[in-house]
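Listed below, chain by chain, are the residues.
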Amino acid sequence: MDEIRIQGLEIFARHGVYPEENRLGQKFIVSVCLYTDTRKAGLTDNLEDSVNYGEVCCHITDFVQKHTYKLLERVAELLARELLLTYPAVRKTDLEIRKPWAPVGLPLETVSVAVSRSWHTAYLALGSNMGDRRAYLDQAVSSLKQHPDCQVTKVSDYLVTAPYGGVEQEDFLNGALELRTLLSPEELLELLHRIEQEAHRTRLIRWGPRTLDLDILLYDNQIIDTPDLHIPHIEMHLRDFVLIPLAQIAPWVRHPINGQTTEQMLAELQKN
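Note that the structure is predicted; figures quoted are calculated from it, not measured.

Engineer: Can you walk me through the overall build of the protein chain in this structure?
Structural biologist: Within the protein chain one finds 8 helices and 11 strands. Relative to its 272 residues, the protein chain shows a buried fraction of 44%. Taking all contacts inside the protein chain whose residues are at least 6 apart in sequence as the whole, residues at least 24 apart take part in 64%. Just so you have it, the protein chain exposes about 14,900 Å², and 49% of that area is on carbon and sulfur atoms. Of note, the protein chain has its 28 positive side-chain charges centred 3 Å away from the centre of its 39 negative side-chain charges.

Engineer: Any chance you could explain the pairing of strand β9 (residues 213-219) here in plain terms?
Structural biologist: Two faces, one strand: in a regular strand the side chains alternate between the faces of the sheet. Most of β9 is tucked away: 6 of the 7 residues are buried. Bridging between strand β5 (residues 120-128) and β9 involves 6 bridges; their strand directions are antiparallel. Considered in β9, the bridge of L124 is made with I216.

Engineer: Even after reading the chapter, I still don't get the nonpolar core, so can you show me in this structure?
Structural biologist: As a rule of thumb, soluble globular proteins bury nonpolar side chains together. Counting 32 residues, the largest nonpolar core has I60, L79, L83, L95 and I97 as its most contacted members. The greatest single-element share of this core, amounting to 8 residues, is contributed by helix α4 (residues 72-86). In this structure, L83 is in contact with V32, L34, V56, I60, T93 and L95, ignoring residues within four places of it in sequence. In terms of nonpolar packing, the next biggest core, distinct from the first, is built from 27 residues, A140, C150, L191 and L229 among them.

Engineer: Would you mind showing me how to read α4 here?
Structural biologist: Residues separated by three or four positions in an α-helix point in the same direction, a consequence of the helix having 3.6 residues per turn. For α4, which comprises 15 residues, the first-to-last C-alpha distance of 21 Å matches the rise-based estimate of 21 Å (1.5 Å per residue) to within 8%. Here α4 has its buried residues at L72, V75, A76, L78, L79, A80, L83 and L84. As for α4, its buried residues are in contact with β2 (26-36), α3 (53-66), β3 (92-99) and β4 (111-118).

Engineer: Can you help me understand the pattern of salt bridges in this one?
Structural biologist: Working definition: two side chains of opposite charge can pair if their charged atoms are close together. Taken as a whole, this structure holds 8 salt bridges when the rule is applied. For D62, the salt bridge goes to K66, with nearest N and O atoms at 3.9 Å. Taken as a pair, D62 and K66 lie in helix α3 at a separation of 4 residues, close to a single helical turn. The partly exposed category is assigned to D62, whose relative accessible area is 43%. Taking the shortest distance from any N to any O, the salt bridge between E190 and R194 comes out at 3.5 Å. Residue E190 and its partner R194 are located together in helix α6 (residues 185-198), separated by 4 residues, close to a single helical turn.

Engineer: Sorry, what's going on with the sheet that holds β4 here?
Structural biologist: Sheet strands pair via backbone hydrogen bonds, and the direction of the pair is either parallel or antiparallel. Taken together, the 4 strands give an open sheet; going across it, the order is β1-β2-β3-β4, and neighbouring strands pair in antiparallel fashion. The sheet is open, and its two borders are formed by β1 (2-13) and β4, each paired with just one other strand. Direction aside, the axes of adjacent strands within the sheet are offset by 15° on average. The pairing of β1 with β2 spans 10 bridges and is classified as antiparallel. Looking across to β2, one finds that I4 is bridged to L34. Here α4 sits on the sheet in contact with β2, β3 and β4, set at roughly 150° to β3.

Engineer: So what exactly am I meant to see when it comes to the environment of T86 here?
Structural biologist: Note on placement: T86 falls in helix α4. Put simply, T86 and H59 are 27 residues apart on the chain and 9.3 Å apart in space, counted from C-alpha to C-alpha.

Engineer: What should I look at first to understand the packing of aromatic side chains in this one?
Structural biologist: The relation between two aromatic rings is expressed through the spacing of the ring centres and the mutual angle of the planes. The tally for this structure, following the rule as stated, stands at 0 aromatic pairs. Of note, K92 hangs over the ring of Y35, and the distance from its end group to the ring centre comes to 5.0 Å.

Engineer: Would you mind showing me how to read α6 here?
Structural biologist: The end-to-end C-alpha distance of α6 is 20 Å, a good match for the 20 Å that 14 residues give at a rise of 1.5 Å each. Residues of α6 that are buried include every one of P185, L188, L189, L191, L192, I195 and E196, and no others. An end-on view of α6 places all buried positions within 160° of arc, on one side of the element. What points out from α6, more than 90 degrees from its buried face, is the exposed set Q197 and E198. Just past α6, the residue H200 takes up positive phi, approximately 60°.

Engineer: What is the right way to read the packing of α3 against α4 from this model?
Structural biologist: Geometry of a packed helix pair, given as the angle between the helix axes and the separation of the axes. Packing of α3 against α4 brings their axes to within 11 Å, and their N-to-C directions diverge by 140°. On the basis of the axis angle, α3 is oblique to α4. For α3 against α4, the interelement crossing comes out right-handed. Contacts from V56, H59, I60, F63 and V64 in α3 reach V75, L78, L79, E82, L83 and T86 in α4. Here the contact of α3 with α4 is built from residues that sort into 8 nonpolar, 2 polar and 1 charged.

About the cut-offs
- Residues numbered from 1 in each chain as written.
- Predicted model: local features only at pLDDT ≥ 70, side-chain atom pairs only at ≥ 80, totals over all residues.
- Heavy atoms only, no water.
- Helix = DSSP H or I, 4+ residues; strand = E, 2+ residues; numbered from the N terminus.
- Buried < 20%, exposed > 50% of the residue type's maximum accessible area, 1.4 Å probe, protein only.
- Contact = heavy atoms within 4.5 Å.
- Areas by Shrake-Rupley, 256 points an atom, 1.4 Å probe, with all protein chains shown as cover.
- Lys, Arg positive; Asp, Glu negative; His and termini not counted.
- Charge placed at Lys NZ, Arg CZ, Asp CG, Glu CD.
- Pairing = 2+ DSSP bridges.
- Core = buried A, V, L, I, M, F, W, Y, C linked by side-chain atoms within 4.5 Å.
- Expected span 1.5 Å × (residues − 1).
- Salt bridge = Lys/Arg side-chain N within 4 Å of Asp/Glu carboxyl O.
- Axes fitted to C-alpha atoms, helices over the stretch in contact; angles between N-to-C directions.
- Phe/Tyr/Trp six-rings, centres within 6.5 Å; stacked < 30°, edge-to-face > 60°.
- Lys NZ or Arg CZ within 6 Å of the ring centre and 35° of its normal.
- Arc of directions from axis to C-beta.
- Parallel < 35°, antiparallel > 145°, perpendicular 65-115°, else oblique.
- Left-handed = near helix turned anticlockwise from the far one by under 90°.
- Nonpolar A, V, L, I, M, F, W, Y, C, P; charged D, E, K, R; others polar.

Here's what the structure looks like:
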């Protein structure tokens, strides 16, 4: 990925733990690397095909000056998010904020906080077999669309499937969606649980009926195994009600462990 670098942008602003820092203000120095595709701009010589670094500098200055935060960590986190949300062509940003006059009572040149933030691609499975199943799935999609750190880019058709796990219950309505998100896997899981709770989801019986079931299938190419989160989803390669809608929106996406595409996993499952 190509890079546009802004180095050493000086801004007078009011951030700090001490009241006098917020009142009197001080100098901050911001450096940013924007990861984007400069190929088209390089061929056309047209500023509209690139990220205008002059505009970015003004935007950074305005953001840092109009807010007041205690911690550099907070400034860096929210500024990185602001840049990613404001400039669609920027896929990732590395950002450092330096504070040359940090009031620590000791001789030092500067303190700084550096963060790296980017858009991520996640694939989710959706299911419901209670009440108005389509309405529950549609509401989940709508809730994700409304979240400021999420962009729903593709949604599959909904598929009627028999229940999984041996518990006698109504048929499911299942689907899958592609999500572009700034949330970490853990933050995304927390958001999905909140959306399920809003649909009055209960977890009384394993494999039991539910108003809404939301699962993270894939998150970039990450492999995560914790007590609360498994990515890729442990049994996604064994479930046709997951693979059929996922193959509709992302037939080429590969499982980060077995290396197979969604289409290959589905074909193997249907053959066996």
